[in-house]
Amino acid sequence: MDTLRIATRKSPLALWQSQHVADALRAAHPGLSVSLVPMSTRGDEVLDRSLAAIGGKGLFLKELELAMLRGDADCAVHSLKDVPMELDGPFVLAAILARADHADAFVSVAHATLVQLPAGARVGTSSLRRQAQLRALRPDLVISDLRGNVNTRLAKLDAGEYDAIVLACAGLQRLGLGARIAERLDAPAWLPAPAQGAIAIECRADAASVIAHCAALDHRATRDCVEAERAMNRALHGSCHVPVAALARALADDGGFVLEGAVGCAGDGRQVRASAEGVDPDALGREVARRLLEGGAGEFLPPLP
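Undergrad: Let's hear about helix α9 (residues 220–235): which residues, and what values?
TA: Since the α-helix turns once every 3.6 residues, residues separated by three or four places project in the same direction. For α9, built from 16 residues, the straight-helix expectation of 22 Å at 1.5 Å per residue is met to within 8% by its first-to-last C-alpha distance of 22 Å. Residues Thr 222, Arg 223, Asp 224, Cys 225, Val 226, Ala 228, Glu 229, Arg 230, Ala 231, Met 232 and Asn 233 constitute the buried set of α9. In this structure, the buried residues of α9 make contact with β4 (91–96), β11 (244–250), β12 (257–264) and α10 (281–294). Remark: His 237 follows α9 within two positions and exhibits a positive phi of approximately 55 degrees.

Below is the structure:
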């Protein structure tokens, strides 16, 4: 293979991530020609409703997957937190790159921290997970939906439509907007979305040459951590319809991992949390899911099949 075509969404962050992957592929394989195939997805086009209302984060993938099936692209680059727990059809994650900052970012023009927001302040986020954690920590705030790309959300904040918004640190940093982060929202008080901060490359399972090229970018430690988080989410049948949060970290002493998980209620902020340690990512994820269900998380989840 002399040329590799990457399907990507057209948002500035998606293009940055795809260009980052393209540069890494060229560095790993001198002589390889890599080009981007920008596309618009339904998730990008419908901005007047929440993702949960229009079908979930998988809407960011479908058009890119169709391009691969048609032969118009060889692979696609995604924020792994947007990738459903089960891939449709003949697709695999050929590589998961080293994770960037996993934390969420509190962003405000006039307030330095979440604690400093006055009662009744308006905070923008369309994420049910973020809404649940905001209500758990600050039930006195007014939480409003906020869709659009990073620059659109920041523009709405700067225009005074919100007193603060919550975004991903990694997205801001990748766009050179790290200075907008007023406060990192991090564990143990705040947990990110499963796999937040990680970039994944998706391709057809039968594309052996593409898989071989992408394998050079796979980061084993990141893959193990995000697989534990995604295994927990999968066992809970989590999606953007459910406020599920998770963070796995490697333990330096024995090669194992610790996984913290939470399931909450976006309506009133009630939460169930659980954690466990283990060496097998899939088994660890399922164990934390079991503990969450034992703790009553099923109350916040749709009926399990």
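Resuming the write-up.
Undergrad: Give a detailed account of the pairing of strand β3 (residues 75–79), specifying residues and quantitative values.
TA: A large share of β3 lies buried, amounting to five of its five residues. Residues of β3 alternate between two faces, with Cys 75, Val 77 and Ser 79 on one and Ala 76 and His 78 on the opposite face, all of them buried. As paired elements, strand β1 (residues 3–9) and β3 share two bridges and run parallel to each other. Note on β3: the bridge partner recorded for Ala 7 is Ala 76. Looking at chain direction, β3 and strand β10 (residues 199–204) are connected through five bridges and run antiparallel. Within β10, the position partnered with Cys 75 by the bridge is Cys 203.

Undergrad: Describe the nonpolar core, and please don't skip the residues or the numbers.
TA: One finds Met 232, Leu 236, Leu 259, Val 263, Leu 284, Val 288 and Leu 292 to be the most contacted residues of the largest nonpolar core, which totals 22 residues. Tallying contributions element by element places α10 first for this core, with four residues. Excluding residues that lie within four positions of it along the chain, Met 232 makes contacts with Val 244, Ala 245, Ala 246, Leu 259, Gly 261, Gly 285, Val 288, Ala 289 and Leu 292. Judged by nonpolar contacts, the second largest core, of 19 residues, contains Leu 4, Ile 6, Val 210 and Cys 214.

Undergrad: Quick rundown of the sheet that holds β4? Include the residues and the values.
TA: Pairing within the open sheet is mixed, and its five strands lie in the order β2-β1-β3-β10-β4. Bordering the open sheet on either side are β2 (33–39) and β4, each of which pairs with just one other strand. Shown here is a sheet whose adjacent strand axes are inclined to one another by a mean of 30 degrees, direction ignored.

So, how was this worked out
Residues numbered from 1 in each chain as written. Predicted model: local features only at pLDDT ≥ 70, side-chain atom pairs only at ≥ 80, totals over all residues. Heavy atoms only, no water. Helix = DSSP H or I, 4+ residues; strand = E, 2+ residues; numbered from the N terminus. Expected span 1.5 Å × (residues − 1). Buried < 20%, exposed > 50% of the residue type's maximum accessible area, 1.4 Å probe, protein only. Contact = heavy atoms within 4.5 Å. Pairing = 2+ DSSP bridges. Core = buried A, V, L, I, M, F, W, Y, C linked by side-chain atoms within 4.5 Å. Axes fitted to C-alpha atoms, helices over the stretch in contact; angles between N-to-C directions.

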